[in-house]
Amino acid sequence: MSMANMKGPRFKLCRRLGLNVIGHPKAMDRAGRGTSRADKKLSNYGEQLLEKQRLRAYYGVMEKQMKKYADRAMKAPGISGEELVKLLECRLDNMVYRMGFASSIRQARQMVNHGHILVNGSKVDRPSFEVKPGDEISMKEKSKKIDLFKENFESNLNTLSYIEKDKEDLKARLLSIPDRNDIPIIINDYLIIEYYSK
């Protein structure tokens, strides 16, 4: 399956990557031994490639974008692998998902693309928009009336230290750049940097 557009059977992708990258409770139900490439003996390069594909699948980004993020992370002060994950975590589509407006990253991206999302009161329809600490994410007035979005937001019990939710007004704020340890993602960041630093 081409991962270029990140569509296609998502449960199958999770089983192949050996990791529930879409956060769906049933994604790994049929994952037996040997279904994942992680079960096979991989070369160092194979391990790097697998981790990179896992991270891409988590955030649903294209290879070209991923390379740009990796280049930025390698230039940033700090540990490159951690910086890479932090950059991806602060994408608008991911924030919309983490804050509970959407039940999946795919749905979050659609919400952004379709103009449902406001950042500090202004419409932003670019999923890759970089959310900064202090930025407030909310929905357009009309979008707040859509039951699905409302239910998503109210039922989401995400208690991440870097996000503050206001359930009354259906809005949330990024409090700070997340600490890598607080980002709920299981990945060997350094292997991905090794892959891109060749």
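Residues numbered from 1 in each chain as written. Predicted model: local features only at pLDDT ≥ 70, side-chain atom pairs only at ≥ 80, totals over all residues. Heavy atoms only, no water.

Within an unreviewed UniProt entry, the label attached to the protein reads Small ribosomal subunit protein uS4, and the organism entered is Gottschalkia acidurici. In the Subunit (unreviewed entry) part of its UniProt record, the protein is described as follows: "Part of the 30S ribosomal subunit. Contacts protein S5. The interaction surface between S4 and S5 is involved in control of translational fidelity." (UniProt positions renumbered as here; feature names shortened; annotations may be inferred.)

### Let's talk about the side chain of His 116
With respect to the element layout, His 116 can be found in the loop between helix H6 (105-113) and strand E1 (117-119). Setting aside chain neighbours within four positions, we find His 116 in contact with Met 111, Ser 138, Met 139, Lys 140, Ser 143, Ile 146 and Phe 149. (Helix = DSSP H or I, 4+ residues; strand = E, 2+ residues; numbered from the N terminus. Contact = heavy atoms within 4.5 Å.)

### Some thoughts on unusual backbone geometry
Phi angles above zero are rare outside glycine, and Asn 120 is one such case at about 50°. Summarising the element assignment, Asn 120 is placed in the loop between E1 and strand E2 (122-123). In this model, Leu 170 sits at a positive phi of 50°, which is unusual for a non-glycine residue. Along the chain, Leu 170 turns up in the loop between strand E4 (163-166) and strand E5 (171-174). The class of Leu 170 is buried, set by a relative accessible area of 6%. (Buried < 20%, exposed > 50% of the residue type's maximum accessible area, 1.4 Å probe, protein only.)

### A word on the pairing of E4
Relative to E5, E4 is paired through four bridges, and the arrangement is antiparallel. The residue bridging Ile 163 from the neighbouring strand is Leu 174, located in E5. Between E4 and the antiparallel strand that follows it, E5, lie four residues; Leu 170 among them carries a positive phi value of about 50°. (Pairing = 2+ DSSP bridges.)

### Topic: the side chain of Asn 156
With respect to the secondary-structure elements, Asn 156 resides in the loop between helix H8 (147-155) and E4. Here Lys 165 takes part through its side chain, which lies 3.3 Å from a polar atom of the side chain of Asn 156. Asn 156 has contacts with Tyr 97, Arg 98, Met 99, Gly 100, Lys 165 and Lys 167, leaving out every residue within four places of it along the chain. (Polar contact = N/O pair within 3.5 Å; in protein donor to acceptor, adjacent residues only side chain to side chain.)

### Thoughts on the sheet that holds E4
Ordered by their spatial adjacency, five strands build an open sheet running E2-E1-E3-E5-E4, and the pairing between neighbours is antiparallel. Each having just a single partner strand, E2 and E4 make up the two edges of the open sheet. Two elements, E1 and E2, share two bridges in a ladder whose sense is antiparallel. From the neighbouring strand, Leu 118 faces E2, where its bridge partner is Lys 123.

### Notes on the packing of aromatic side chains
Inspection of every chain in the model, using the stated rule, returns three aromatic pairs. Arranged with centres 5.0 Å apart and planes meeting at 90°, the rings of Tyr 195 and Tyr 196 form a pair that is edge-to-face. The pair Tyr 195 / Tyr 196 is uniform in exposure class, with both members buried. Ring-pair connections join several aromatic residues into one group, and the members of that group are Tyr 45, Tyr 195 and Tyr 196. Note that Lys 165 overlies the ring of Phe 153, its terminal NZ or CZ placed 4.1 Å from the centroid. (Phe/Tyr/Trp six-rings, centres within 6.5 Å; stacked < 30°, edge-to-face > 60°. Lys NZ or Arg CZ within 6 Å of the ring centre and 35° of its normal.)

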